[in-house]
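Here is what each chain is made of, one letter per residue.
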Amino acid sequence: MYLFLAFLLVPIIEIALFIQIGGLIGLWPTLAIVVLTAVMGTALVRTQGRMALANLQRSFAELDDPTEPLAHGAMILLSGVLLLTPGFFTDAVGFALLIPGVRVAVFRYLKSKVTITQFQMGTGAQFRTGPAPFDQDDVIDGEFTEVRPRQNPSKPSKWVEGPPQH
C-alpha cells in the first residue's frame, strides 16, 4: 500500500512543484536547475559512494558488523537514483540522503523497526540433515578411463599446433 501511495503521490508532488516553480522563475531556469542538480548529485554520489565502499571494506577487514556500511551504501545508491530523476521533491530527498547525519537517523529508525534473528560472517562448515539432495532416480551411470601424463612432456601432443611450417 505504501509503495502504491508513493507511485501515486510523488509524480503529483513533482508536477505541482514544476508548475509552481516554473511559473515563478520561468521554463529555462527551471530546466537548468533540474539538469544542474542531476550533475551535482552525480558528483556527490560518486564521492560519498567511494567513502561508503571504503567503510564497508574496513568493516569486513576488521570483522565488524557490515550492516550500517551496507545501509549507508544502499541509501547513497537510492539518493543517486532520486537525483537523476527529474523533479524538485526527489532532488530534495536525494540531497538529504547524502547528508551523513540524515543517513544515520534513517538507519537508526529502520534498525528500531527491524529485528535480526541471525547474523553470520564467513564460510564455516555447514551440515545438512534430512534427505539427500537427490534420490536414486537422479543418479547417472557412466564409465571413465584414467588418462596418464605423457612420458616425454617436451614433445607437444598432436592436439597442439606447432610453429608454422614453411
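As a reminder, the structure under discussion sits directly above these lines.
Residues numbered from 1 in each chain as written. Predicted model: local features only at pLDDT ≥ 70, side-chain atom pairs only at ≥ 80, totals over all residues. Heavy atoms only, no water.

Trainee: Looking at this model, I keep getting lost on the overall build of the chain. Mind explaining?
Mentor: Helix and strand counts for the chain come out as 5 helices and 0 strands. For the chain, the α and β elements follow one another from N to C terminus as α-α-α-α-α. Total accessible area computed for the chain in this model is approximately 13,900 Å², and 66% of it derives from carbon and sulfur atoms. (Helix = DSSP H or I, 4+ residues; strand = E, 2+ residues; numbered from the N terminus. Areas by Shrake-Rupley, 256 points an atom, 1.4 Å probe, with all protein chains shown as cover.)

Trainee: Got a minute to help me understand the pattern of salt bridges in this structure?
Mentor: One side chain can pair with another of opposite charge once the charged atoms of both are near each other. Following the criterion strictly, the structure yields 2 salt bridges and no others. Of the charged contacts in the structure, one is a salt bridge between Arg58 and Glu62, with a shortest N-O distance of 3.2 Å. Here Glu62 falls in the partly exposed class, since its relative accessible area comes to 48%. For Asp64, the salt bridge identified is with Arg58, shortest N-O distance 3.5 Å. (Salt bridge = Lys/Arg side-chain N within 4 Å of Asp/Glu carboxyl O. Buried < 20%, exposed > 50% of the residue type's maximum accessible area, 1.4 Å probe, protein only.)

Trainee: Explain unusual backbone geometry to me, please; I cannot follow it from the model alone.
Mentor: It is generally the case that most residues other than glycine have a negative phi and that most peptide bonds are trans. Backbone geometry places Leu63, a non-glycine residue, at a positive phi of 55°. For Leu63, the location among the structural elements is in the loop between helix H2 (27-61) and helix H3 (67-84). For Leu63, a relative accessible area of 65% translates into the label exposed.

Trainee: Please clarify how H2 should be interpreted in this entry.
Mentor: For an α-helix, 3.6 residues make a turn, and residues three or four places apart therefore share a direction. With 35 residues, H2 extends 51 Å from end C-alpha to end C-alpha; this agrees with the ideal 51 Å at 1.5 Å per step. All buried positions along H2 are accounted for by Thr30, Val34, Thr37, Ala38, Gly41, Val45, Gln48, Ala52, Leu56 and Ser59. (Expected span 1.5 Å × (residues − 1).)

Trainee: Sorry, what's going on with the environment of Thr37 here?
Mentor: Looking at where Thr37 falls in the secondary structure, it is placed in helix H2. Taking the relative accessible area as the measure of exposure, Thr37 reaches 13% and is therefore buried. Distance from Thr37 to Leu83, taken between C-alpha atoms, is 6.8 Å for residues 46 residues apart in sequence. Discounting chain neighbours no more than four positions away, the residues touching Thr37 are Leu83, Asp91 and Phe95. (Contact = heavy atoms within 4.5 Å.)

Trainee: Explain the packing of helix H1 (residues 2-25) against helix H4 (residues 88-97) here, please?
Mentor: Each pair of packed helices can be summarised by the angle the axes make with each other and by the distance between the axes. As a packed pair, H1 and H4 sit with axes 7 Å apart at the nearest point and diverge in direction by 110°. With respect to their mutual orientation, H1 and H4 come out roughly perpendicular. In contact with Val10, Ile13, Glu14, Leu17, Phe18 and Ile21 of H1, H4 contributes Phe88, Phe89 and Thr90. Among the residues making up the contact of H1 with H4, the classes are represented as 7 nonpolar, 1 polar and 1 charged. (Axes fitted to C-alpha atoms, helices over the stretch in contact; angles between N-to-C directions. Parallel < 35°, antiparallel > 145°, perpendicular 65-115°, else oblique. Nonpolar A, V, L, I, M, F, W, Y, C, P; charged D, E, K, R; others polar.)

Trainee: Teacher, can you tell me more about a nonpolar patch on the surface here?
Mentor: Where nonpolar side chains cluster on the molecular surface, the patch consists of Met1, Tyr2, Phe4, Leu5, Leu8, Leu9, Ile12, Ile13, Phe89 and Val93 and spans about 1,000 Å² of accessible area. Listing elements by their share of the nonpolar patch, those giving two or more residues are H1 and H4. Residue classification places Met1 among the exposed positions, given a relative accessible area of 72%. (Patch = residues over 30% accessible without salt bridge, like charges linked within 9 Å, V, L, I, M, F, W, Y side chains within 5 Å.)

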